[in-house]
Amino acid sequence: MCENKVRFYTPKGRELLLQCGRTGMHGERVICEKCRNNADTMRDIRDHEENMAADNAWLRSAGWGEM
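Let me begin by describing the structure that accompanies this report. The shown structure was predicted, so the numbers you read here are calculated from the model rather than taken from an experiment. Here the residue index of a chain counts from 1 through its sequence in written order. This being a predicted model, a pLDDT of at least 70 is required before a residue's local features are given, and a value of 80 or more before pairs of side-chain atoms are given or counted; all residues contribute to the totals for chains, interfaces and linings. For side-chain calculations, the full set of non-hydrogen atoms in the structure is used, while hydrogens and water are omitted.

For the rest of this paragraph, the subject is the packing of aromatic side chains. Stacked, edge-to-face and tilted labels apply to pairs of Phe, Tyr and Trp rings (six-membered ring for Trp) whose centres lie within 6.5 Å, assigned for plane angles under 30 degrees, over 60, and everything in between, in that order. Following the criterion strictly, the structure yields one aromatic pair and no others. Considering the side-chain rings of W58 and W64, the 5.5 Å spacing of their centres and the 80° angle between planes classify their relative orientation as edge-to-face. Between buried and exposed lies partly exposed: a residue is buried under 20% and exposed over 50% of the maximum accessible area for its type, with that area taken using a 1.4 Å probe on protein chains only. The exposed category is assigned to W64, whose relative accessible area is 62%.

Set out below in structure tokens:
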């Protein structure tokens, strides 16, 4: 991803600035508007998430759980 920060607010109203590409407070991937509007970046993110899902499916089938 990039070095941009994404602004989030907690339920109590506290402001959080998280770096693009990191994990958000609910386990979601944080993506800034610049990256969200870039088709190549979004394709890379989708590919990476599909690879993670395939790895986790294999691990579950082997009885090892998820990473």
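With that settled, consider the environment of E28. Strands here mean DSSP runs of E at least two residues long; helices mean DSSP runs of H or I at least four residues long; both are numbered from the N terminus. Positionally, E28 belongs in the loop between β2 (15-19) and α1 (33-36). Between the alpha carbons of E28 and I45 there is a distance of 12 Å; along the sequence they are 17 residues apart. We call two residues in contact when some of their heavy atoms are within 4.5 Å. In contact with E28, other than residues within four places in its own chain, are F8, R22 and T23. Within 3.5 Å is the distance limit for a polar contact, defined as a pair of N or O atoms, with the added protein rule that one can donate a hydrogen and the other accept it, and that residues adjacent in sequence qualify only through two side-chain atoms. Within the structure, E28 has its side chain in polar contact with the backbone nitrogen of H26 (distance 3.0 Å).

The next thing to look at is the pairing of β2. Regular strands show a simple pattern: their side chains alternate between the two faces of the sheet. Paired strands, as defined in this entry, are two strands with at least two bridges between them according to DSSP. Two elements, strand β1 (residues 5-9) and β2, share five bridges in a ladder whose sense is antiparallel. Looking across to β2, one finds that Y9 is bridged to E15. In sequence, β1 turns back onto β2 through a hairpin of five residues, with G13 there showing a positive phi of about 95°.

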